Amino acid sequence: GGSAEAAAEADAAVSCAAAAARILDAGQIEFEAGSATIAPVSAAVVTALAEALGACPDGRFEIAGHTDAQGSPTGNARLSGQRAQAVVDALAAVRPGLPALVARGYGEAQPVADNATEVGRARNRRIEVAALDPDPEAEPVEAALPALEGGDGPDAKCAADIASILAEDAIAFE
């Protein structure tokens, strides 16, 4: 039935996201310093990523941008979002007709290494790919909050307000 087909599509999307993660483990997408311009040296990685994601035409994927902790949290959230969108645009240019790609910037909120060292900062400046639910309506609101929380501007206050509302009660729609 329909649920077996949906489960097979979800498994395929997870498999495509895993292939994308292996590509990014082998060679990260690099950007010009402080900008969302993809470095020319990353062209092969972008092409390989486009091919991997193209194998799942019915999938939905998040292209997540992350930064190191240099600069302001608000600036890093903005830059990581711009970098994620630059990757989405580059993927679409390499391979038109890719599955749905959602760009999301997490700034410095999800480090994978120590920001006190150059090696750690380099590891934290990264792009990640994750499989999303094929139904955009099923995605939780909380998914968008980490990029905004911990900042110092009006976006951070808004994110904190949303997080506290979600913590108190679920929002129900008729």
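See the structure printed just above.
Residues numbered from 1 in each chain as written. Predicted model: local features only at pLDDT ≥ 70, side-chain atom pairs only at ≥ 80, totals over all residues. Heavy atoms only, no water.

An account of the nonpolar core is needed here, citing residue identities and associated values.
Ranked by internal contacts, the top residues of the largest apolar core, which has 23 residues, are Ile29, Leu53, Phe61, Ile63, Leu91, Leu101 and Val129. Taken together, the elements giving at least two residues each to this core come down to α1 (2-26), α2 (43-54), β1 (60-66), α3 (73-94) and β3 (126-132). Leave out the neighbours within four places in its chain, and Leu53 touches Cys16, Ala20, Phe61, Ile63, Leu91, Leu98, Pro99, Leu101 and Val129. (Core = buried A, V, L, I, M, F, W, Y, C linked by side-chain atoms within 4.5 Å. Buried < 20%, exposed > 50% of the residue type's maximum accessible area, 1.4 Å probe, protein only. Helix = DSSP H or I, 4+ residues; strand = E, 2+ residues; numbered from the N terminus. Contact = heavy atoms within 4.5 Å.)

Describe the packing of α2 against α3, and please don't skip the residues or the numbers.
For the pair α2 and α3, interaxial distance at closest approach is 9 Å and the crossing angle is 75°. Comparing their axes, α3 and α2 come out roughly perpendicular. Across the interface between the two elements, Val46, Thr47, Leu49, Ala50 and Leu53 from α2 touch Ala90, Leu91 and Val94 from α3. Residue composition of the contact of α2 with α3, by class: seven nonpolar, one polar and no charged. (Axes fitted to C-alpha atoms, helices over the stretch in contact; angles between N-to-C directions. Parallel < 35°, antiparallel > 145°, perpendicular 65-115°, else oblique. Nonpolar A, V, L, I, M, F, W, Y, C, P; charged D, E, K, R; others polar.)

Give a detailed account of the state of the cysteines, specifying residues and quantitative values.
Counted by the stated rule, this structure contains one disulfide. The disulfide bridge from Cys16 ends at Cys56, spanning 1.8 Å between sulfur atoms. Here the disulfide of Cys16 and Cys56 is right-handed, its torsion about the S-S bond being about 80°. Here the residue Cys16 occupies a position in helix α1, and Cys56 occupies one in the loop between α2 and β1, the gap between them amounting to 40 residues. In terms of burial, Cys16 and Cys56 fall into one category: buried. (Disulfide = S-S within 2.5 Å.)

Give me the sheet that holds β1: which residues, what numbers.
Judged by pairing direction, the sheet is mixed, and its three strands sit side by side in the order β2-β1-β3 without closing on themselves. Two strands bound the open sheet, and with one partner strand each, they are β2 (100-105) and β3. Pairwise comparison of adjacent strand axes, ignoring direction, gives a mean angle of 25° for this sheet. As defined by bridge partners, β1 adjoins β2 across six bridges and the pair is classed as parallel. Counterpart to Ala64 in the pairing with β2 is Arg104. The sheet strands contacting α3 are β1, β2 and β3, and the helix crosses β2 at an angle near 160°. (Pairing = 2+ DSSP bridges.)

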